[in-house]
Amino acid sequence: FATHDSTRVGRAPFCAVRWAKRILGLLLEYWKRIIVLAILLAIIITGVVAFALSRSSEWCLIQEDHMEALCASFLELTTELDRAGVEYFLYGGSLLGSYRDGEHIPWEHDIDIVIDQSSENEGKMLRLKKNLTLSELKKVPKQRQVYYRVIPNVLTPTQNYDSLWIDIYKYTWNKKHTDISVWWWQKATYHTFPESQIWPLKQGTYCGRNYSIPANPELVVSTVYGDNWRDWIITGKKKLRCAILWI
């Protein structure tokens, strides 16, 4: 007949209790390290998931009604600039979208233009500010790279995510009045262009309409974004920044 080992049955609960105490002791001893490791693991997992999602441009697209509001504000602004005699041209990601794609880049959340920094233009900007009904024009004195910022007023502060506005940069002439310099935030530096590469301005499609762009847009975008400007926002660092922004 099979014999029943009562000592083995009684030993099992004892072993379970002993292992539970050992694990609890380790948790109490290393709890700070465990919490830190858990936080780091959560950040890594979130980052990987966010980056994977950002491989699809749609994950970073602006909502359609927000894009319509931004383009409407831009049309109103440029109409007033033309009426006031303030010359402007597209720059940065806006010029890249116009020249490369013939439209606004879907995951670009702002519009960039450049105007001459002059006392005459300063007065004109202050006067046309009163004529804007779809947006609010604000001077940005503490940021040397941005001259003015135009924010669509149809969007609430909670809707206006990730710089959904129009940035107006400034250019200055050199002493000989042959070159202009434009401050650009990305590399925190000035880009210099010969007058012949900017003027005469021509037309480029953006937001479904024609707006002013430099005479040699390829030279400008290659200066700003480098030789790989054709692929910059598609395969470059912008999507990684987009992923980090949304974590």
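Given the structure is predicted, the values throughout are model-derived calculations rather than measurements.

(A) Expanded view of the packing of helix H3 (residues 64-84) against helix H5 (residues 119-128). Between H3 and H5, whose axes approach to 10 Å, the crossing angle comes to 130 degrees. As summarised for this structure, H3 and H5 are arranged oblique, according to the angle between their axes. In the packing of H3 onto H5, the handedness of the crossing is right-handed. Each of Leu77, Glu80, Leu81 and Ala84 in H3 lies in contact with H5, whose residues at this interface are Lys124, Met125 and Leu128. Its residues assigned to classes, the contact of H3 with H5 comprises five nonpolar, no polar and two charged.

(B) Inspection of the pattern of salt bridges at higher detail. Under the counting rule described, the total for this entry stands at six salt bridges. Arg100 is the partner of Asp101 in a salt bridge, and the nearest nitrogen-oxygen pair spans 2.9 Å. On the accessibility criterion, Asp101 (36% relative accessible area) is partly exposed. A salt bridge links Glu120 to Lys124; the shortest N-O distance between them is 3.2 Å. Placement of both Glu120 and Lys124 in helix H5 is noted, with a separation of four residues, approximately one turn of the helix. In this structure Glu120 comes out as exposed when scored by relative accessible area, which is 53%. Looking at Lys124, the relative accessible area reads 14%, which means it is buried.

(C) A look at the pairing of strand S2 (residues 110-116). Across the seven residues that make up S2, a large majority, seven, are buried. Pairing of strand S1 (residues 88-90) with S2 involves three bridges; the strand directions are antiparallel. Bridge pairing links Leu90 to Ile113 in S2. Of the strand pairs in this sheet, S2 and strand S5 (residues 165-173) are connected by seven bridges, and their pairing is parallel. The residue of S5 that forms the bridge with Asp112 is Asp167.

(D) Examining the confidence of the model for the protein chain more closely. The predicted model of the protein chain averages 80 in pLDDT, with 77% of residues at 70 or higher. Mean pLDDT in the protein chain bottoms out at helix H9 (residues 238-246), which sits at 48, and peaks at S1, which reaches 98. Scored below 50 in pLDDT, residues 234-240 makes 14 contacts in the model with residues more than four places away or belonging to other chains. Across residues 243-247, confidence stays below pLDDT 50; counting only partners more than four residues off in sequence or on other chains, it has ten contacts.

Criteria and cut-off values
Residues numbered from 1 in each chain as written. Predicted model: local features only at pLDDT ≥ 70, side-chain atom pairs only at ≥ 80, totals over all residues. Heavy atoms only, no water. Axes fitted to C-alpha atoms, helices over the stretch in contact; angles between N-to-C directions. Helix = DSSP H or I, 4+ residues; strand = E, 2+ residues; numbered from the N terminus. Parallel < 35°, antiparallel > 145°, perpendicular 65-115°, else oblique. Left-handed = near helix turned anticlockwise from the far one by under 90°. Contact = heavy atoms within 4.5 Å. Nonpolar A, V, L, I, M, F, W, Y, C, P; charged D, E, K, R; others polar. Salt bridge = Lys/Arg side-chain N within 4 Å of Asp/Glu carboxyl O. Buried < 20%, exposed > 50% of the residue type's maximum accessible area, 1.4 Å probe, protein only. Pairing = 2+ DSSP bridges. pLDDT = per-residue confidence, 0-100.

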